[in-house]
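For reference, the chains in residue letters:
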Amino acid sequence: MKLILLGAPGAGKGTVAKLLTKMDGSVQISTGDILRGAVAAGTELGKQAEAAMKAGDLVSDDLIMGIMKDRLQEDDCKNGYLLDGFPRTIPQAEALKKLLADMGEELDFVVNIDVPRDVILDRLTTRRTCEDCGAIYNVKSNPTKVEGVCDACGGKVVQRDDETEEAISNRLDVYNEKTAPLADFYEKEGMLLTVSATSSDAVIDAIKEKLGK
Ligand code: AMP
């Protein structure tokens, strides 16, 4: 399957994407994970993205499109992909549309995961992430077996730099201003499936139904 997962930070895009990859071999492509990897490795890309990420701002559309143009042409995309955290602005959505047309590819549809703001705030402040494999935990609802150690890979589980209260509040404002308009964009394209649900299973069920699976 080829899907875009839209939704505010903390809506559950990453969790849903990870579950969907188990269904048919589609790969999760998270621009946030790619950028965090580049920051950790100290690459030129990481240096360019780091300050914006830490403040909860978006990195430039050009930088993101450069990453995605290469990423979507990699071999593992042949079985499908789940775009998690991309596109995040109207210019990115337009550039993606052109890129896919040039590649002769079509998306199945766009899933907009709609979760109330109070749930999002609670999730983001209690969320913890594995620095190595990106596994997501929650100190309240899904803690690691050993504090600070990833159950899946043994990596260090931390609170992300952009999950301080100030950065979270900025990320939600940026989302409302720059990313929320994408729902209208894809509605007009006739591609939008909005799911109002706080459980990832409910989101997966709605996606399966739409895919006819
Ligand atoms: P995420 O893990 O998706 O919440 O992304 C973490 C941070 O990476 C965001 O707050 C942005 O600074 C940056 N980022 C990730 N994806 C994008 C994108 N598509 N466009 C611009 N910035 C992005």
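We now turn to the structure provided with this report. (Residues numbered from 1 in each chain as written. Predicted model: local features only at pLDDT ≥ 70, side-chain atom pairs only at ≥ 80, totals over all residues. Heavy atoms only, no water.)

**Notes on the site of the ligand**
- As a matter of local geometry, the ligand sits amid 16 residues, with T31, R36, D57, G85 and Q92 nearest to it.
- G85 is positioned such that a nitrogen or oxygen atom in its backbone is 3.0 Å from a nitrogen atom of the ligand.
- The element contributing the most residues to the shell around the ligand is helix α2 (residues 31–41), with four residues.
- Broken down by class, the residue content of the shell around the ligand amounts to six nonpolar, four polar and six charged. (Near = heavy atom within 4 Å. Polar contact = N/O pair within 3.5 Å; in protein donor to acceptor, adjacent residues only side chain to side chain. Helix = DSSP H or I, 4+ residues; strand = E, 2+ residues; numbered from the N terminus. Nonpolar A, V, L, I, M, F, W, Y, C, P; charged D, E, K, R; others polar.)

**Details of empty space enclosed by the protein**
- Inspection of the entire model under this criterion finds one cavity of 30 Å³ or more.
- Size it by volume and the largest cavity reaches roughly 70 Å³.
- Lining the largest cavity, in full, are L5, L6, G7, P9, K13, G85, F86, P87, R88, Y175 and T179.
- Across the lining of the largest cavity, the residue classes break down as six nonpolar, three polar and two charged. (1 Å grid on protein atoms, 1.4 Å probe; cavity = no way out; pocket = protein on both sides within 12 Å on 5 of 7 lines; lining within 4 Å. Points joined across faces, edges and corners; volume = space filled by probe spheres on them.)

**Remarks on the pairing of strand β3 (residues 81–84)**
- What you see with β3 is no split at all: Y81 and L83 on one side and L82 and D84 on the other are buried throughout.
- Relative to β3, strand β2 (residues 27–30) runs parallel, the two being bridged by four bridges. Residue pairing across strands places V27 opposite Y81, the latter belonging to β3. (Buried < 20%, exposed > 50% of the residue type's maximum accessible area, 1.4 Å probe, protein only. Pairing = 2+ DSSP bridges.)

**Brief notes about the packing of helix α1 (residues 13–24) against helix α9 (residues 200–211)**
- Packing of α1 against α9 brings their axes to within 10 Å, and their N-to-C directions diverge by 50°. By the angle between their directions, the pair α1 and α9 is classed as oblique. Crossing hand, α1 versus α9: right-handed. Judged by residue contacts, T15, V16, L19, L20 and M23 of α1 engage S200, V203, I204, I207 and K208 from α9.
- For the contact of α1 with α9, the per-class residue count stands at seven nonpolar, two polar and one charged. (Axes fitted to C-alpha atoms, helices over the stretch in contact; angles between N-to-C directions. Parallel < 35°, antiparallel > 145°, perpendicular 65-115°, else oblique. Left-handed = near helix turned anticlockwise from the far one by under 90°. Contact = heavy atoms within 4.5 Å.)

**Observations regarding unusual backbone geometry**
- Residue P87 is bonded to the preceding F86 through a cis peptide linkage, with omega at -5°.
- Position of P87 among the secondary structure elements: in the loop between β3 and α5 (90–103).

**A word on the packing of aromatic side chains**
- Using the criterion set out here, one finds one aromatic pair in the structure.
- Between the aromatic rings of F185 and Y186, the centroid separation amounts to 4.9 Å while the plane-to-plane angle is 85°, which identifies the pairing as edge-to-face.
- The exposure class of Y186 is buried, given its relative accessible area of 3%.
- Just above the ring of F109 sits the side chain of K210; from NZ or CZ to the centre is 5.5 Å. (Phe/Tyr/Trp six-rings, centres within 6.5 Å; stacked < 30°, edge-to-face > 60°. Lys NZ or Arg CZ within 6 Å of the ring centre and 35° of its normal.)

**Structural notes on the environment of R36**
- Along the chain, R36 turns up in helix α2.
- The partly exposed category is assigned to R36, whose relative accessible area is 25%.
- Taking the C-alpha atoms as reference, R36 lies 16 Å from T164; in sequence the two are 128 residues apart.
- In this view, R36 contacts S30, M53 and R160; residues no more than four positions away in its chain are not counted.

**Describing the sheet that holds strand β5 (residues 127–130)**
- Strand order in the open sheet formed by three strands is β6-β5-β7, with antiparallel pairing between adjacent strands. With one partner strand each, in any of the chains shown, β6 (136–138) and β7 (157–158) form the two edges of the open sheet.
- Relative to β7, β5 runs antiparallel, the two sharing two bridges. By the bridge assignment for β7, C130 is matched with V157.
- Against the sheet, helix α6 (residues 117–126) contacts β5 and β6, and its axis sits at roughly 45° relative to β5.

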